[in-house]
Amino acid sequence: SRRYSIAVIPGDGIGKEVMPEGVRVLEAAARRFGFALDLQWHDFASCDYYLKHGEMMPQDWKARIGKVDALFFGAVGWPDTVPDHVSLWGSLLQFRREYDQYVNLRPVRLMPGVPCPLAGRKPGDIDFWVVRENTEGEYSAVGGHMFPGTEREIVMQETVMTRFGVDRVLRYAFDLASKRERGHLTSATKSNGIAITMPFWDQRVEAIAAEFPGVTHDKYHIDILTAQFVLNPQRFDVVVASNLFGDILSDLGPACTGTIGVAPSGNINPDGTHPSLFEPVHGSAPDIAGKGIANPVGQIWSAAMMLEHLGEAEAAAAIMAAIEAVLSTPAGRTGDLGGSANTRDCGKAIAESI
Ligand code: NAD
Ligand code: IPM
Ligand code: MN
């Protein structure tokens, strides 16, 4: 029988509120489609853990997680108590690097019945994937800080791109595009201003494109690309971007569909040498945490991506259908989408619809 072992890590803030809804829906899908879940909850990778232990995760976190099929993650960060770079480099960014999750896969889709902030857009007009490089680029530990506190203070942080790292994420993105109906890839660049790394990125895009003759491709500088997301979202099918550009595009895209609260992601290790991690795109939202009003759909859609990754395509499709059904009425939607549901109402309605 099919059995999946999953590390469940809620994290901070609304991560702790949306995670139970993600798990509720996972369990509903398991019952309906006849597979078993072995869920191991962890309290580390949170700022509460940091306040108790002086570190975000135990030194032996990898052993404690052990051999799992996937990680299901909420959100981390509580800037009032722990600086964001400490909490994030001590948790999520370690998972991405240590598990070599070099693809961050983030779908952007306007759902039926959901009010769109862009005038005149209907479902189908906004339906694309952001493929974000997830282990190198602008997120680098290479740099220095000299003469702190003096007038001669210097800070430097290098963007690191390796041919190995760029080529593998580009190949993943071109391959994804080759399986899509439109078969189109857009590359985010800034080779006019960032004149060493970005021309290299463009050059690798052309090299990898030659391996995928069935895929058309174009490129935009990141500044005008953000404008095109808003003005002409129908142009996009698969958008591949460096770590930082992909981070920005994957908040902007979902915002164009109504809210970042629905956006999911897969931090994927496509080689299968390590487990992949599934989490909403959003953070811990301290401004609404504790109120029970956060949108749980980003967490629930991430559960669907995780099941798809584990080979449970039917269960994943059922979750997506349930999300669409519930989001199509104002009573099913949370406040960020103009609805009246709270976190639990929305999660329960999706679980029941499965
Ligand atoms: P955020 O995503 O937490 O919140 C941005 C805005 O969107 C807030 O107004 C918030 O209320 C709203 N929002 C986010 N998710 C929502 C949801 N599910 N439903 C309704 N509204 C939602 O971003 P931020 O404020 O920049 O960051 C807060 C903390 O989270 C920081 O510590 C940051 O570093 C961290 N963070 C973590 C992750 C992650 O764990 N992957 C991602 C982004 C930010
Ligand atoms: C995301 C988040 C993280 C990132 C932060 C919290 C480090 O914004 O997952 O998009 O920049 O990757
Ligand atoms: Mn982000």
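You'll find the structure just up there.
Just so we're clear, the structure is a prediction, and the values are computed from it rather than from any experiment. Sequence order sets the numbering: in each chain, residues are counted from 1 along the sequence as written. As they are written, the chains are lettered A onward and the ligands numbered 1 onward, keeping that order. Reporting in this predicted model follows two pLDDT cut-offs: at least 70 for local features of residues, and 80 or more for side-chain atom pairs to be given and counted; totals over whole chains, interfaces and linings ignore these cut-offs and use all residues.

In this structure, what is going on with the overall build of the protein chain? I would like to understand it.
Helix and strand labels come from DSSP, where a helix needs a run of H or I of at least four residues and a strand needs a run of E of at least two; each type is numbered from the N terminus. Counting its secondary structure elements, the protein chain contains 12 helices and 12 strands. It is over C-alpha atoms that the radius of gyration is taken, and the globule rule equals 2.2 Å times the number of residues to the power 0.38. Relative to the globule expectation of 20 Å for 354 residues, the C-alpha radius of gyration of the protein chain, 20 Å, shows essentially globular dimensions. Along the three orthogonal principal directions, the C-alpha set of the protein chain runs to about 55 × 50 × 40 Å. Backbone-placed C-beta atoms define the burial measure: a residue is buried with 20 or more other C-beta atoms within 10 Å of its own, exposed with 12 or fewer, and partly exposed in between. Buried residues in the protein chain amount to 47% of all 354 residues. Sequence-distant contacts, at least 24 apart, represent 74% of the contacts inside the protein chain between residues at least 6 apart. C-beta atoms are placed from the backbone for every residue, and two residues are taken to be in contact when these atoms lie within 7 Å.

Could you clarify how one ought to interpret the site of ligand 2 in this entry?
In this text, near has one meaning. A residue is near a molecule or strand if its C-beta atom, placed using the backbone, is within 6 Å of it. Every residue near ligand 2 is listed here: Leu88, Leu93, Asp247, Val281 and Gly283. Looking at the shell around ligand 2 residue by residue, the classes come out as 3 nonpolar, 1 polar and 1 charged. Ten residue types, Ala, Val, Leu, Ile, Met, Phe, Trp, Tyr, Cys and Pro, are classed as nonpolar, four, Asp, Glu, Lys and Arg, as charged, and the remainder, Gly among them, as polar.

What should I look at first to understand the packing of helix 6 (residues 163-178) against helix 7 (residues 197-209) in this one?
When two helices pack together, their arrangement is given by the angle between the helix axes and by the axis-to-axis distance. Taken N-terminus to C-terminus, the directions of helix 6 and helix 7 make an angle of 50°; their axes are 10 Å apart at the nearest point. By the angle class used here, helix 6 and helix 7 are oblique. Like other packed secondary-structure pairs, helix 6 and helix 7 cross with a definite hand, here right-handed. Across the interface between the two elements, Arg163, Val166, Asp167, Leu170, Arg171 and Phe174 of helix 6 pack against Trp201, Arg204, Val205, Ile208 and Ala209 of helix 7. Here the contact of helix 6 with helix 7 is composed, by residue class, of 7 nonpolar, no polar and 4 charged. Angular values range over 0 to 180 degrees, each being the angle between N-to-C directions of two axes fitted as lines to C-alpha atoms, with helices fitted over their stretch in contact. An angle below 35 degrees is treated as roughly parallel, one above 145 as roughly antiparallel, one from 65 to 115 as roughly perpendicular, and anything else as oblique. Rotating anticlockwise by less than a right angle from the far helix to the near helix defines a left-handed crossing, while the corresponding clockwise rotation defines a right-handed one.

These values are about where atoms sit, not about what they do.
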